[in-house]
Amino acid sequence: MEFKRFIDALCMISAQNKSSQVPVLIGALAMTYPAETYAPRGGMKGLFSSWLDHFVALGGNWKPQQRVTALNQSINDWEIGINNELNRESYEHVVSNMTGWSLSQLLGERSTLPTQAWSAFTIYAGVKCTQPIQELYHLVLPEKSLGVPDYFCSFSHPEDSTRAPAGWQTLTLSIHTTEGEWDLEGEAYDQKKEYFKNLIWRHFRETFPQITEQKFLTAGTPRTFYHYTLRPGGRVGGLPHRWSYPLWLWPSQFKRVGLSQLGDTVFPGQGLVATITGAMQWWRRVKAKRF
Ligand SMILES: Cc1cc2nc3c(=O)[nH]c(=O)nc-3n(C[C@H](O)[C@H](O)[C@H](O)COP(=O)(O)OP(=O)(O)OC[C@H]3O[C@@H](n4cnc5c(N)ncnc54)[C@H](O)[C@@H]3O)c2cc1C
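Since the model is a prediction, treat every value here as computed from it, not as a measurement. (Residues numbered from 1 in each chain as written. Predicted model: local features only at pLDDT ≥ 70, side-chain atom pairs only at ≥ 80, totals over all residues.)

Draft legend 1. Layout of the site of the ligand. Close contacts around the ligand come from 21 residues, with Val 68, Val 236, Gly 263, Gly 271 and Leu 272 the closest. Those elements that provide at least two residues to the shell around the ligand are strand S5 (119-129) and helix H7 (271-287). Ranked by residues supplied to the shell around the ligand, first place goes to H7 with four residues. Of the residues that constitute the shell around the ligand, the class distribution is seven nonpolar, 11 polar and three charged. No fewer than three residues from each of domain 1 (63-115 + 237-287) and domain 2 (118-234) sit in the shell around the ligand. (Near = placed C-beta within 6 Å. Helix = DSSP H or I, 4+ residues; strand = E, 2+ residues; numbered from the N terminus. Nonpolar A, V, L, I, M, F, W, Y, C, P; charged D, E, K, R; others polar. Domains from an automatic or database assignment.)

Draft legend 2. Local environment of the sheet that holds strand S10 (residues 254-256). Here we have three strands laid out as an open sheet, ordered S4-S11-S10, and mixed in their pairing. With partners counted over all chains shown, the strands left at the sheet margins are strand S4 (94-96) and S10, one partner each. On average, adjacent strands in this sheet sit at an angle of 30° to one another, irrespective of strand direction. (Pairing = 2+ DSSP bridges. Axes fitted to C-alpha atoms, helices over the stretch in contact; angles between N-to-C directions.)

Draft legend 3. Highlighting the sheet that holds strand S9 (residues 211-220). Strand order in this open sheet of five strands is S6-S7-S8-S5-S9, and the pairing throughout is antiparallel. Single-partner strands in this sheet number two, and they are strand S6 (137-140) and S9. With strand direction ignored, the average angle separating the axes of adjacent strands in the sheet is 20°. By the bridge criterion, four bridges tie strand S7 (residues 151-155) to strand S8 (residues 168-177) in an arrangement that is antiparallel. In the sheet register, Phe 152 faces S8, and the bridge partner there is Ser 174. Across the sheet, helix H6 (residues 222-229) is in contact with S5, S8 and S9; its angle to S5 comes to roughly 90°. (Contact = placed C-beta atoms within 7 Å.)

Draft legend 4. Looking closely at the domain arrangement of the protein. Partitioning the protein into structural domains gives domain 1 (63-115 + 237-287) and domain 2 (118-234). Centre-to-centre separation of domain 1 and domain 2, based on C-alpha positions: 30 Å. Classifying every residue of the side of domain 1 that touches domain 2 gives three nonpolar, three polar and no charged.

Draft legend 5. Main features of unusual backbone geometry. Residue Pro 34 follows Tyr 33 across a cis peptide bond; omega there is 0°. Mapped onto the fold, Pro 34 is located in the loop between helix H2 (24-31) and helix H3 (43-57). The backbone phi angle of Phe 216 is positive, close to 55°, even though this residue is not glycine. Relative to the helices and strands, Phe 216 resides in strand S9. With a phi close to 65°, Leu 230 is a non-glycine residue in the positive phi region. Tracing the sequence through the fold places Leu 230 in the loop between H6 and S10.

Below is the structure:
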């Protein structure tokens, strides 16, 4: 039973689903976790900054804080509304990186994407240890009777001074959750968030007794993720792999003439693997004019 729980937890990280639902090849990939898993210098922010520098060096124009609020197709091109105002420029080809749910909403069409997808409850902190923690990834499966959910810990590299000063490491704990579990108002929401944060944090501190100090303890819920990423329901893990949603049902990357789509709701699997592999496929087809 405990072994199956462990296999399920590994599959949840890599494929966003329990082992009984995961196709065998993806399951095999999940079993290798955390092999070939890297901790980029500067974390996700570091990775993003280096991609952004490269994008700008190639002539790309980054416009932060601009929300696409309309996407209208005219005869030969596309017009984009930004922050509720229609942009005067028009574009021959638009590539969207928002989720498939958001894109359908913008186009005013019914989405055929499943909405069963995970969000996360996350806890962030800075921690100081007696000895730096060198194993950066940990899957913790608490004893069932404690009522603490399984959680995943990710520490920054002890030598990565861009993420924490010497002697300290930044830490993210994440737990799979759904938007429905956080559909609460006012005090009920705040209390639940505080309760879960303390429940999991207490267990974490007992599990890692080498941690002597903590700073900046804070938590995030699906609502937080919606706020920062605009992903409907705060669904942050991509679409789960499952038998009942085989590859041929996944949406095309090429939605309409002059409109294509990237990201973890269009290419199978969560995270960087899905977004990068999807983008490479897209680029090959664009180069070969096969769309
Ligand atoms: C706690 C946690 C840990 C994770 N850990 C990992 C990990 O270790 N490895 C891994 O590979 N993956 C991990 N993931 C998953 C990974 O973050 C996502 O799968 C990935 O970010 C998806 O990339 P994307 O480009 O498809 O979408 P997004 O990252 O959601 O990017 C889409 C962008 O579009 C913007 N946007 C949306 N709507 C609009 C609009 N209307 N106008 C303008 N901009 C808009 C959003 O603000 C966002 O910046 C993790 C996720 C979580 C929550």
